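Understanding the architecture of this molecule
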Amino acid sequence: KSQEMQSFAHRSELKQAKRIVVKLGSAVVTRDECGLALGRLASIVEQVAMLQNEGREMMIVTSGAVAFGKQRLRHEILLSQSVRQALHSGQNQLKEMSVPVLEARACAAAGQSGLMALYEAMFTQYSTCTAQILVTNLDFHDEQKRRNLNSTLHELLRMNIVPIINTNDAVVPPPVPNSDLQGVNVISIKDNDSLAARLAVEMKADLLIALSDVEGLYDSPPGTDDAKLIDIFYPGDQQSITYGTKSRVGIGGMEAKVKAALWALQGGTSVVIANGTHPKVTGHVITDIVEGKKVGTFFSEVKPAGPSVEQQTEMARHAGRTLASLLPEQREEIICHLAELLTEKKDEILSANRKDMEMATALINRLSLSTAKLNSLAIGLRQLAVSSRDSVGRVLRRTRVANNLELEQITVPIGVLLVIFESRPDCLPQVSALAIASGNALLLKGGKEASNTNKILHQLTQEALSIHGVSDAIQLVSTREEVEDLCRLDKMIDLIIPRGSSQLVRNIQRAAKGVPVLGHSEGVCHVYIDSDASIDKAIDVDSKCDYPAACNAMETLLIHRDLLRTPIFDQIIDMLRNEQVKIHAGPRFASYLTFSPSEVKSLRTEYGDLECCIEVVDSLQEAVDHIHKYGSSHTDVIVTENEDTAEQFLQQVDSACVFWNSSSRFADGYRFGLGAEVGISTARIHARGPVGLEGLLTTKWVLRGEGHTVADFSEQGSMKYLHENIPVPHGSFN
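Residues numbered from 1 in each chain as written. Predicted model: local features only at pLDDT ≥ 70, side-chain atom pairs only at ≥ 80, totals over all residues. Heavy atoms only, no water.

Under an unreviewed UniProt entry, the name given to the chain is Delta-1-pyrroline-5-carboxylate synthase, and the organism recorded is Amphiprion ocellaris. The record held by UniProt for the chain lists under Subcellular location (unreviewed entry) the comment "Mitochondrion matrix". (UniProt positions renumbered as here; feature names shortened; annotations may be inferred.)

In this model, Asn404 sits at a positive phi of 60 degrees, which is unusual for a non-glycine residue. Residue position: Asn404 is located in the loop between strand S9 (395–402) and strand S10 (405–413). On the basis of relative accessibility, which here comes to 53%, the residue Asn404 falls in the exposed class. Unusually for a residue other than glycine, Ser633 sits at a positive phi of about 60 degrees. Turning to its location among the elements, Ser633 is positioned in the loop between helix H23 (620–630) and strand S19 (635–639). (Helix = DSSP H or I, 4+ residues; strand = E, 2+ residues; numbered from the N terminus. Buried < 20%, exposed > 50% of the residue type's maximum accessible area, 1.4 Å probe, protein only.)

On to the pattern of salt bridges. On inspection of all chains with the given rule, the structure shows 31 salt bridges. For Lys257, the salt bridge identified is with Asp193, shortest N-O distance 3.5 Å. Here Lys257, found in helix H8 (residues 254–266), pairs with Asp193, found in helix H7 (residues 192–202); they are 64 residues apart in sequence, far enough to count as distant. This pair shows no difference in class: Lys257 is buried, exactly as Asp193 is. One network of salt bridges, with partners in common, ties together Arg11, Asp231, Lys294 and Glu310. (Salt bridge = Lys/Arg side-chain N within 4 Å of Asp/Glu carboxyl O.)

Among the 5 residues that make up strand S15 (residues 525–529), 5 are buried, leaving the element largely enclosed by the rest of the structure. Neither face of S15 is exposed, since Cys525, Val527 and Ile529 on one face and His526 and Tyr528 on the opposite face are all buried. As paired strands, S15 and S19 are joined by 4 bridges and run parallel to one another. Looking at S19, one finds that His526 is bridged to Asp636. (Pairing = 2+ DSSP bridges.)

On the basis of which strands lie adjacent, the open sheet formed by 6 strands has the order S17-S18-S16-S15-S19-S20 and parallel pairing. At either margin of the open sheet sits one strand with a lone partner, and together these are strand S17 (582–585) and strand S20 (657–660). Here the average twist between neighbouring strands, direction ignored, is 20 degrees. With 4 bridges connecting them, S19 and S20 associate as parallel partners. When the sheet's bridge partners are listed, Asp636 is paired in S20 with Val658. (Axes fitted to C-alpha atoms, helices over the stretch in contact; angles between N-to-C directions.)

This is the structure we're talking about:
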């Protein structure tokens with residue numbers, strides 16, 4: 001940020017904020033107009049103290065003195081009334097006591113010291129010192145007072161003290177209904193929003209966080225059907241807002257907040273308005289904002305060039321519905337056109353890819369594209385185009401419910417898919433083609449290390465889609481969205497598919513609230529060598545050595561106890577050693593050895609390298625139990641010549657893929673003949689195992705009648721249910 005105070009343009013820059021003003025509205029500090037919300041206050045103090053201890057300069061502008069005082073005075077008055085009454089009547093029957101109307105200034109005077117004592121006690125727990133400052137409007141209008149206030153605050157910050165500022169409500173005049181913020185230099189302090197804005201600009205703060213009981217700014221009054229939370233607000237957007245009512249306590253309505261925020265923004269301070277009363281969020285709302293997460297409304301003077309992610313999702317959904325209603329031949333045509341573009345425009349694609357490669361430091365082989373890769377991509381896409389003919393609208397079953405009442409179950413797209421992928425740009429055309437074939441809208445978020453390649457591949461995808469006017473159906477998220485924020489778009493996205501490291505998948509599974517995630521976070525795959533295994537099949541190490549980093553590579557080798565100290569066992573060990581596979585011993589295996597290789601830290605390890613664990617089991621049942629306890633339900637293999645044992649294994653092991661005498665590396669959409677895959681799922685519902693075109697479809701029920709009513713089928717009705725299955729000829733379409 002330059003010397004003349006420029007506000008931050010993007011949320012991601014808020015991490016750099018050094019001087020921060022946190023404004024706490026009455027609704028945050030109090031509960032139900034009187035009494036303090038202690039739990040909320042404690043978690044806010046904890047966050048402020050944490051940021052202060054990180055070396056930032058924190059200031060708090062607090063409300064709550066009036067409400068705290070109101071509670072104290074009400075209590076005092078009721079107490080003295082009841083004492084008087086008891087003395088006068090000489091009996092304990094108390095009359096209904098009238099609660100007096102309390103004057104706000106008196107309440108403030110009574111509440112201020114208690115509020116401050118509370119803050120002090122809380123901050124002391126975090127070894128943080130606080131200081132109280134009471135201000136009135138005049139302190140900002142009088143040049144001398146303003147300079148004094150400024151130097152006091154600077155001195156406190158220099159000494160690592162958190163100043164806690166409030167309007168001196170014991171002496172201020174009652175609020176004037178509409179004294180606006182006239183001009184830039186005059187801002188009347190009619191509430192703590194304007195005080196916080198005034199103070200933030202005066203102190204050249206980097207960020208003002210205004211917490212109240214509303215989520216942020218909405219484009220229409222919160223609570224109405226179409227109200228949408230505005231993520232980023234620009235000074236020019238004021239026309240797009242209609243205001244609701246003000247907070248249930250306190251005097252600052254939303255309009256006052258926006259005016260104060262825009263005033264601060266003009267002075268070079270960034271502003272976020274957010275909800276500080278939400279029980280699930282209060283504990284990290286301030287730290288989340290400073291980390292740049294999507295919380296509340298962020299005020300920015302810099303309008304991004306393209307549409308927001310929410311707008312992109314809306315555009316994709318809209319165009320996706322048209323894509324789904326195209327004829328199968330038209331979708332096939334789009335995919336074939338994309339395949340042609342991949343080879344036609346290979347020079348442009350490879351030149352963009354070279355730019356990414358020059359910038360890259362790691363993951364070079366995953367990132368690189370070649371003419372050969374593009375050619376094989378194009379071949380895969382053409383295969384997929386053919387299989388897309390019988391995807392959307394396929395009739396799965398037909399039932400004659402009654403005379404002239406027929407029911408069909410047909411395949412339909414899921415809706416809007418969000419695919420998040422790391423570093424592999426070849427994933428983009430594959431996933432796009434699957435989305436087109438299944439009639440789904442698609443939001444893509446690629447790794448920034450492949451941004452040039454992703455950009456051109458996305459342009460070509462949109463060019464292919466444009467031949468049938470649906471280019472918006474596939475969107476590439478190019479704004480600085482954090483993956484976590486994308487996962488929160490639960491009202492707009494129907495399925496999230498992560499493609500990348502197990503860490504990425506885990507993060508997404510954690511962050512996705514309310515949106516199903518298709519995928520697997522780990523591939524802890526087992527190969528069990530049974531006592532009846534053939535030596536040739538047992539010593540084949542393809543499962544481990546073909547591509548050790550793959551999610552379908554073996555991580556644990558289970559060996560039947562009868563094979564220990566036999567030629568088969570020795571040959572397996574020799575074979576692994578020849579391939580330079582590092583062996584970790586499971587606890588049972590280690591107990592059989594006089595000197596053992598390194599013992600495993602965990603039997604659930606996915607090594608992703610030339611390493612594996614070896615463990616000993618006594619029986620088939622023990623092997624199955626081990627797999628259920630330590631596996632990840634991905635792919636598990638038995639090597640045996642005994643057909644009964646093999647069938648038992650295949651039936652009992654509850655994994656997405658179970659194999660007999662074949663390499664675990666076959667668990668792959670292309671090898672299964674699915675054309676392409678979006679990933680491998682270990683979920684129990686919807687799609688399981690390698691997920692291709694089929695896994696991106698769901699179903700809907702279509703009933704065709706002639707004015708039938710349920711009453712027709714009652715005991716007195718004239719109709720009877722038939723429920724006859726009607727055979728569906730292969731390739732029937734709705």
